[in-house]
Structure formats: structure tokens, C-alpha cells
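# Architecture at a glance
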Amino acid sequence: MKLGQGNHSQIFSRWKVCLTGAAALLVAVFPLQGQESVGTPSSRVERFNKAPVSREILRVKLPRPVEARLKNGLTVLILEDHRAPYVTLQLHLGAAGALFEPTDRIGLANATALMLREGTKSRSSVQIAEQIDRLGAGLSAGSSFGSPDAVLTGAGLSDNFDEWFAVFVDVLLNPTFPADELEKLKQRQRAHLREQRSSSGFLISERFNRAVYGQHPAAQVSVTPESIDKLTRDALVQWHRERYEPGQAILGIAGDVRAKDLIEKLERHLLGWKKADVTPAWPRDPAPSTARRVLLVDRPNSVQTTLALGNIAIDRRSADYMPMVVMNYILGGGASSRLFLNLREEKGYTYGVYSDFSALRYPGPWRAGGNMRTEATEGALREFFFEFRRIREEQVTAEELEASKRAIVARFALSLEQPARVLGFAITTQQYGFPADYWDSYPARIMAVTAADVQRVARKYLNLDTLQMVAVGDASKINGVLEKYGKVEVFDTHGTLLGGAQP
Amino acid sequence: MIAELEITKDWRGAFLAAWLTVSFTASPLAIEAAQPNSAKDRMAATADPARKPAQSDLYDIQFKEFRLKNGLRVLLAEDHRAPTYSICVTYNVGSRDEKPGRTGFAHLFEHLLFQGSENVGKGEHFILVQNNGGSANGTTNADRTNYFETLPANQLELAIFLEADRMRAPNITQANFDNQRLTVQEERRQSYDNRPYGKTYEAVIDLAYDSFPYKHSTIGSMEDLNAATVRDAEEFFRTYYAPNNAVLALVGDFKTDVALDLIIKYFEDIPAQAPPSPPAMTESSQNSERRKSIEDAFAQTPRLDMVYKIPAGNTADWYALDILGHVLSSGVSSRLYQKFVKEKELALSAYADAGERRGPSLFWLSVMARPGTDLAEIEKLLGDELVRLQNEPVADWELKKVQMQLRRQRAERLYSTRSRANALGHFAVYYGDPQLINTIWRKYESMTKADLQRVARLYFKDVNRTVVTTLPKSAAKPQ
């Protein structure tokens, strides 16, 4: 990366010596008013390399949880950690996620999970709420669109763990899905449908996910009035009975517990949870779009344009995963990435600009974007394309590559603060069938990524000709800008196609 | 680089007195010796990561306190639970210290302190922190500004150096100033102008407060941001960014003597400045209800905001009011959720909170109605809930709930070095008392049901409230 020359003559320390003099110098050298309308301010990133840095990377060995399989087939991972009197639980129900719900039953998996808290054989909705809150604990459940899992999480103090864990088990095994509570849930969901359309964040993910995922279930980001109407108590009961299957679930526990005692306790408490015979049918993988599309959601009165640019790339087990981690870090992984330094620190187009990629059991998109002030939409798109082309066409420098790999490896140390994060690594290993030493060898595999690897994956996945370009903003001001990138399909905030090319 | 919405107290007398003594103290070690109650002895005991703490100090955060010759207050909490540490430098300056015509400046200045200093280039701060495995940020609210980094333990010197370099000699050029002005304006657009209900917060504080310090938002107005100059930055730096106007908290995996040596090495020769004069925080008592209705181009559903003027944080009445906030809206079992969301099905969400400020605070109630709901009905029911707090004692289980939530928060905090460093800085700058990190729960536990009823009667009066309704703008309504 080429680093610009900074203006290093005006530093505040001098003011302490000669305040008036330094201030006068500043006034003389620069106009005092903003330069928003007069092109690019010469505000460049610069490195002095004067800070005291240890060249060593603190190598950390992630603690491994105790693994057990209960008689009913449930996989249990327990990470004992007595640093704080606290316990977290996460139960991943691998056959019960929204990814597997029938196309005419959108929202079934999430509704089933949400209803767990709304009544059991021995507790009413209010009793569950009061008991959990009184213990100072937390309990939540859900299944996001595109996820193979329904997830039930709990957290609380270790000295009353038995009490709140009993509620956790009760809602898991004995939910009654009361009809009146289901009606109330459906009413809440209906009320949210309209409210969510006020947010540019919702609108961008709705349009972007549809564009990249096509017919895949992950294209869905919200329930609809029709799908809510179709939710019935019978469907929820059936989903819970058939899909909450211990043999395809992982229970992770981290914190102030004794693994040995706990496993015995789990066998006792989960005795009634029986294996079921269900084989989730994985939908066909989404494929990358083969032609560029430009989609615009007209949100009148917007003072910013929200952008999302991307396409389907890789799944979590892809051989390209490690190079993608490094490539993404360089492109838009944080406050020292190219996109951030260019669009924010140099151009001042935005408060934040990032890239990321989603890699699950099926391929997900890489994506770059952020909120740009409306007048900067054109400049922002130009700079996005500049950065996409640059990382495709030029090999990253050895310095930038090494710094990025170092950043990715060195930050592992921070995860050791939170047992739940360490446990999360182990759950990933389980979910994707990685070898037991996956995270121990992860740093070496990151360090093995070359500049050629980075360029190879950038060329393979950051294809400008097939880019899915989505903008949410004031169409009257940005339609013309977008037209330079292709035929614009315009939608209103309700998701209705207003004009432009046919999808 | 975040302007915080909700904020916070005034312990002004004791607080300023503490700062004045701070400025002229001799050696750091002398100060430690002068503090027989320092955490020295107990700290040695927490140095073993495998050890499970004894019941008595299970939740306590032990730290040592020092003062440099230039007045910098230093709080060191050595803790080897994880191979990491966090530093947080909290400055006694927030948007309440701004001048009329320069709203948003404290936060803009916080951004400028990431733009380089004598030995750190523009943008290099984040590069250095991230490339060494860490994370960093800064936040500004009405009452203080803080800067923090979390890094692997082997990079102890790095963050101490970075924080000292910008306290000593930030390098603010006109180009960087203009760049960050644009960035902050985008932050304003993203967090306020381009978002539903983005105008509501400013409408409420503008109507509820009479005095300038809390009447304006931390993000500031576009107009004032445009008017700000590099010369303002010079003056702001000189006035507020002095070591005797800041607290440095360091928490994590280091040896206290090593860390202290580094802090002395990098910070102690930064000159002290004359203590800034405190902002005028007088807020006359309100004697009639205030009301306003605003239209929102993005909102799809009406929202009711109702605030009552209450005392500063860390006062007996404030603790009682904070408990009431939890009774009303903390958790699914809370009164407002059960009434408005579950039982009556009138709202999407309902929220109540005793905002914590160093000066006059606001007890804030906010209900997002379901589409088509009449706000008058919501306002009446909300009033009924407040009358109930005045007329009936809260239930035992509700009090118990608040205490248990506090315990859980204290337990969770033991994992995160950043959370502890930031909290130490918060208590030290707001109230001059970092030990509150360990003792605050007792203040809550000392509150009786009678106290709660008393404050409900004293503050939840119609004449003491401000009501703002936010309605979807007719033109922006869906067809």
C-alpha cells in the first residue's frame, strides 16, 4: 500500500511552547472552512513506525472442552472455567433450523423456538419470565433465516445454575405451545412487519439476500403477512417433536461448572429426550450470479445511500477459506483495511465501510458496503470498484500481507477473555467435522497464505461483471449514478418492483 | 468514535476538590504509601489464574491507585485470568463542556485524536493496534470522553505509548480536521438523520432542559460542526486534555511495577494545566408540563417519549429511581413489557430508564406503538403504571430481580478487561470514587420499598415531565 506524505509540521506540543505562533501558522497554511465541495481533501494515512511494538506474536493454546455423548446421542462440550461465578449454555439443534422449513411454512422454525418460552406443562409464560428474571439469568431461543440450527441459549450465575438450568430443560422438553400465546406472537410479528421497513439496514439485507441467494432459503430475511397467517399450533408441535433431535444437536457449556458432575446431571435431566428419526434435506447450494444486476430501493428523504455489493463465494470447508480470510481483512476487515482508509480516512464519504463474507455449510456471499452520504454515492462506487480492481490486479505487498496475517493470528489471544468464545471455536470444529487440532493449526495455515493466493481468490470471487449491486436511498438523486453500472431495477420500500429491468 | 446517546451526575464539590489535590502531588510511590487501604495485599492473591477466588472477594475488582507528579490519576488492576490487558483513558470533558455554536465539538475532537500525534501517523493508531491483535475505540457522551485499547499482554508498552503520545502532542492538520468533520457528519446522518425516530432524542432533551450543557446532543448540529475550526481544537486540547484532567485505568495481565514504570516513563513529563472551569449545570425546577409533537419521514408507527427530571447519578434518589426503571422494563417479566406488549398488545416495545448523568438527569419512558395505535391510550396506561408505583410497594421478587441482575453484571464483568477498565474510569471521573466498582451494589441494596414509593411520588409529577410524540409523516406513509 502506498502511504501518502503527511503534514507533520503542526503538532499540538508546539502550542505549549508558542501557542499563538503555531495557531497562526495553521491559519496561514490552510483555509479554515470545510472542503466538502472542492474535491478530495489531502488527508492521507501515514506510518512513522516509532511506536514500541513486540515483534513476537503471543501464541495461545485454546483450551479444549471435555467432550461427551449422552445415551440419547446428544453431543456435549463442556469448558470448565472458574475465573468467574458464571455459566453460559448454547444448544444448537442441527435439524430444527429455518433452512429446512418447507417453502410454504416460512418462519416455522423461528416461531417454534420463540414459543418455547411461552408455556410448558408446569409453567405459564409469565412464570417462566419471572423465574428467569428473578434468578438474574437469561434465556432465549430462535432460528435465523438461512440457519440449519435452532439455537437455545442460557446464561447466569453458577451458584443458582441448577435452578435456571431446570427452566432451560423444561422449555426444551415440555413446551405446550399455548394457542392464545401463539396468537399473541403472530400479532407481534405482524406489527413488526411494517416497522422494520423504516430501516435502511433491513431494506438492504432484504434486497441483497434475494439478489445473491435466488431460490435458496437464505434469500428470505423476514416473515410475511401470508406466512404468519399459515403458522398453526399443530405445525409448531410437529416441528418440535420431529426436529428437536438430540442426535443432531450440540450442547455447549462454558464456565463455572464441574464437567464430571454435570454430565451425570445431564443424563438425568435429559432422560426423557428421545432420539427421533429425521434426515434434514439440505437445499441445493446457491450458485454465484452470472450477470451483473443493479437494484435500487427508493427510500424517499434518505440523506445517505446504503450500499451492498457482492456475490456468492465459498462455504466454510472450502480450500479457499484461509486466503479469503486474509483477502477480506486487507480489503475491508476493519479500521486499517483499504476500504476504510480510502473511503473514510481519505475521502470522508462515510462513517464506516467494511467487507465480510458468510461461509456456512453452503456457500454464502462476500459483501462490501456501508452508508455513504447521498452526494458521495458516485464517488463511493468509483472507489469500491477501484479497490476491487486493485486487489484483483495487483499482488498485495509483502508488508501488507505480513501485517494482515499477523493481525489475524495475534487477535486469538483476546478470545481467551471469554469462555463462551473459546467454546464457540470447539462448536465450529464439531459442526463442520474439522480435525481436533483445527484451531491449533489455524495460525500456521493463515501464515502460509501467499500474495498469489490472495490475488487468486480476489480474481475468482470479486468479479465485477457479475457483481450484485444493491443501493437503498433517494432514487431521485442516485438513479442516474447507478445507471452507469447497468440497467437499474427500482423497488419501493415495500419490496414492490416499480420499474427497470425484470428480475 | 462513537457519540453516545444516553448518559449521566454531579458530585461536583468532592470531584473538583479531588482534582485540585491531584495536580500537585509528589511521587507516585508516596501516594501509594499514603493509602493504607490500597489493594496491594489482596492483589497478590488474585495472581494465580487457576485459583478460584474465595467467596468474600468473588466479585471484587482489586486495584491500586497512584498519582503522577502531573496529576494523572492511575488505577492498576493486575489480573492474570487471560493473557490480555485493556487500557482506558477517561477525560473529564464531554459535550456539556461545549460552547454555544460549537455543539458536537467534544466528539469531533475525540475523532481528531485518532488522526495522529507526534510519533504516530494518521490512521496508524488503528493499524498498530489491529496488526498486533488488539482492538481500540473512543466514545464521547455529555459528561466524559474515553479512549481504550485491548491487546495481547506482550504488547503492554504499545497502548501506554499510544495514549501518552496523543495526550502529549496530537497532530491535527486542516486536512485531517476536514476529513473527520465529514466522517462525524456521516455518523450523524447514519445515527440520526437517516433513521426512524432519529430526531426524537434531540427534541426531548431540547425541550426538557433549560441550560445549555444538556440541552444539546453530543453529536451536535451540522451547522455547528461546519463552523468548527482547527483553532477551536487548539483551545479545546489545551483546556481539557491535560493529565490532571484525566484518569488512566489499566486492567489485566501485567506486573503492576512494570506497568507503572512505563506509565511514568511516557506520561509523567506531560505538563499539567490549570484545571478547566466546570460548566454551569444549574437547571431550574420545572413547574409545568412540556409537550411537543414531531413528524418523522421514516417512522412507520407512532412513538411516545415521556421524561421526568431527576437528580444526578450516585445520589440516594437516583439509585431508587434506577431500581424503578428496572422494575418497569428490565426483562420479559417487567411491568411495561407484560402490560403493553403482551397483555394489551398496544406496543412493539416499551422502555424505562433512569439515565445516569453527572448533573440533572432524566427518567426516560419510551413506548413504540403498534401501527395505528392511539398514543393517548398508551399515555394513559403509562400514567397508571407510574401511579401504581406511587401507591403500592413493589413486590419482593421485583427487588430481588434487580439485585440478582446486578450480581450477574458484576460476575460477567470479571471476564472482560475492557469492561472493568472503562468502569473504573467512569466511576473515577463521574464521582471521584473508583471503588464504586465494588461498592455500588450496596447502594442499591440499601434502598427500601418505602424509598421507591417516596421517589415515585416526588418525581413522577405531571408538572415535572416532558412529553414528545413522534408521528409518521403523512407524506411518507405507505400508499
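Reading guide: rules and limits
Residues numbered from 1 in each chain as written. Chains lettered and ligands numbered in written order. Predicted model: local features only at pLDDT ≥ 70, side-chain atom pairs only at ≥ 80, totals over all residues. Helix = DSSP H or I, 4+ residues; strand = E, 2+ residues; numbered from the N terminus. Buried ≥ 20, exposed ≤ 12 C-beta atoms within 10 Å, placed from the backbone. Rg over C-alpha atoms; globule rule 2.2 N^0.38 Å. Contact = placed C-beta atoms within 7 Å. Nonpolar A, V, L, I, M, F, W, Y, C, P; charged D, E, K, R; others polar. Pairing = 2+ DSSP bridges. Axes fitted to C-alpha atoms, helices over the stretch in contact; angles between N-to-C directions. pLDDT = per-residue confidence, 0-100. Core = buried A, V, L, I, M, F, W, Y, C linked by C-beta atoms within 7 Å. Expected span 1.5 Å × (residues − 1). Parallel < 35°, antiparallel > 145°, perpendicular 65-115°, else oblique. Arc of directions from axis to C-beta. Domains from an automatic or database assignment.

### Looking at the overall build of chain B
Looking only at helices and strands, chain B has 19 helices and 12 strands in total. Considering chain B as a whole, with its 479 residues, one finds that 57% of them fall into the buried category.

### Topic: the overall build of chain A
A count of helical and extended segments in chain A gives 19 helices and 13 strands. The C-alpha radius of gyration of chain A comes to 26 Å, within 12% of the 23 Å expected for a compact globule of 503 residues. For chain A, the spread of C-alpha atoms along the three principal axes comes to 80 × 55 × 45 Å. When each of the 503 residues of chain A is scored for burial, the buried share is 50%. Of the contacts made within chain A by residues no fewer than 6 positions apart, 79% connect residues no fewer than 24 positions apart.

### Regarding the interface of chain B and chain A
Contact with chain B, which involves 89 residues of that partner, is made by 85 residues of chain A. Those elements that place two or more of their residues in the side of chain B that touches chain A are α5 (124–131), β6 (145–152), α6 (156–168), α7 (174–193), α11 (230–240), α14 (335–343) and α16 (396–413) of chain B. Sort the elements by how many residues they give to the side of chain B that touches chain A and α7 of chain B lands first, with 13 residues. Class assignment of the residues belonging to the side of chain B that touches chain A gives a composition of 35 nonpolar, 30 polar and 24 charged.

### A word on unusual backbone geometry
Most peptide bonds take the trans form, and the phi angle of most residues other than glycine is negative. Phi is positive for F177 of chain A, which is not a glycine, with a value near 45°. Relative to the assigned elements, F177 of chain A resides in the loop between α5 (161–173) and α6 (179–196). Non-glycine residue Y197 of chain B carries a positive phi angle of around 65°. Positionally, Y197 of chain B belongs in the loop between α7 and α8 (200–208). Taking the number of C-beta atoms within 10 Å as the measure of exposure, Y197 of chain B has 19 and is therefore partly exposed.

### Re the sheet that holds strand β13 (residues 497–499) of chain A
All names here are of chain A. A sheet is described by the order of its strands in space; here 7 strands give the open sequence β9-β10-β8-β11-β7-β12-β13, paired in mixed fashion. Each having just a single partner strand, β9 (350–359) and β13 make up the two edges of the open sheet. Ignoring which end each strand starts from, the neighbouring axes of this sheet average 20° apart. As paired elements, β9 and strand β10 (residues 363–373) share 7 bridges and run antiparallel to each other.

### With respect to the confidence of the model for chain A
A residue-level look at chain A finds 91% of positions with pLDDT of 70 or above and a mean pLDDT of 91. Note on residues 1–41 of chain A: pLDDT is under 50 here. Beyond four places in sequence and across chains, it has 61 contacts.

### Here we look at the nonpolar core
Residue and element names in this part refer to chain B. Residues I87 and L248 are the most contacted members of the largest nonpolar core, which totals 211 residues. When neighbours within four sequence positions are excluded, I87 is seen to be in contact with F148, E149, A159, I160, E163, L248, L250 and A421. If you look at the next biggest cluster of nonpolar residues, it comprises 51 residues, including A142, L336, M368 and V394.

### Some words on helix α14 (residues 398–410) of chain A
Here α14 of chain A contains 13 residues, and its C-alpha end-to-end distance of 18 Å stays within 8% of the 18 Å for a straight helix at 1.5 Å per residue. Every buried residue belonging to α14 of chain A is among L401, A403, S404, K405, A407, I408, V409 and A410 of chain A, and all of these are buried. Here the buried face of α14 of chain A lies against α11 (321–332), α15 (412–415), α17 (438–447) and α18 (451–461) of chain A together with α5 and β6 of chain B.

### What to know about the packing of helix α4 (residues 125–134) of chain A against α16 of chain B
Contact pair α4 of chain A / α16 of chain B: the axes reach a minimum separation of 8 Å and the direction vectors enclose 50°. Between α4 of chain A and α16 of chain B, the crossing angle belongs to the class labelled oblique. Contacts between α4 of chain A and α16 of chain B involve E130, D133 and R134 of chain A on the former and, on the latter, W397, K400, K401 and M404 of chain B. Of the residues in the contact of α4 of chain A with α16 of chain B, the class split is 2 nonpolar, no polar and 5 charged.

### A word on α8 of chain B
Along an α-helix, a turn takes 3.6 residues, which lines up residues three or four apart on a common side. Residues and elements named next belong to chain B. Three or more residues of α8 are buried, namely T200, V204, I205 and A208. Along α8, the residues classed as buried sweep out an arc of 125° about the axis, all on the same side. The elements touched by buried residues of α8 are α9 (212–215), β8 (290–296), β9 (303–310), β11 (361–369) and β12 (465–472).

### Overview of the pairing of β6 of chain B
Residue and element names in this part refer to chain B. Among the 8 residues that make up β6, 8 are buried, leaving the element largely enclosed by the rest of the structure. Note that strand β4 (residues 84–91) and β6 share 8 bridges and pair antiparallel. Bridging across to β6, T90 finds its partner in N146. As judged from the 6 bridges shared by strand β5 (residues 135–140) and β6, these two strands associate in the antiparallel manner. The residue of β6 that forms the bridge with S135 is T150. Where β5 hands over to β6, the hairpin turn is made up of 4 residues, counted between the paired strands.

### A look at the environment of G272 of chain A
Position of G272 of chain A relative to the elements: it lies in the loop between α10 (259–269) and β7 (293–298). The sequence separation of G272 of chain A and D81 of chain A amounts to 191 residues, and the corresponding C-alpha distance is 29 Å.

### Examining the environment of M306 of chain B
Residue and element names in this part refer to chain B. Residue position: M306 is located in strand β9. Along the chain, M306 and E223 lie 83 residues apart, while their C-alpha atoms are 28 Å from each other. Apart from the residues within four sequence positions on either side, M306 is in contact with L365, L382, R465 and V467.

### Comments concerning the domain arrangement of chain B
Residue and element names in this part refer to chain B. The domains assigned to chain B are domain 1 (2–267) and domain 2 (290–476). Domain 1 puts 46 residues into the contact, and the matching count from domain 2 is 42 residues. Contributing elements (two or more residues each) for the side of domain 1 that touches domain 2: α1 (12–23), β3 (73–78), β4, β6, α8, α9 and β7 (246–252). The element that contributes the greatest number of residues to the side of domain 1 that touches domain 2 is β4, accounting for 6 residues. The class makeup of the residues in the side of domain 1 that touches domain 2 is 27 nonpolar, 9 polar and 10 charged.

### Things to note about the domain arrangement of chain A
Residues and elements named next belong to chain A. Domain parsing of chain A yields domain 1 (66–269) and domain 2 (293–428 + 442–499). Its C-alpha centre places domain 1 at a distance of 30 Å from the equivalent point of domain 2. Each partner contributes to the interface: domain 1 provides 19 residues, whereas domain 2 provides 26 residues. When contributions to the side of domain 1 that touches domain 2 are tallied by element, the ones reaching two or more residues are β2 (75–80), β3 (86–93), α7 (200–213) and β6 (249–255). When the residues that make up the side of domain 1 that touches domain 2 are grouped by side-chain class, the tally is 10 nonpolar, 5 polar and 4 charged.

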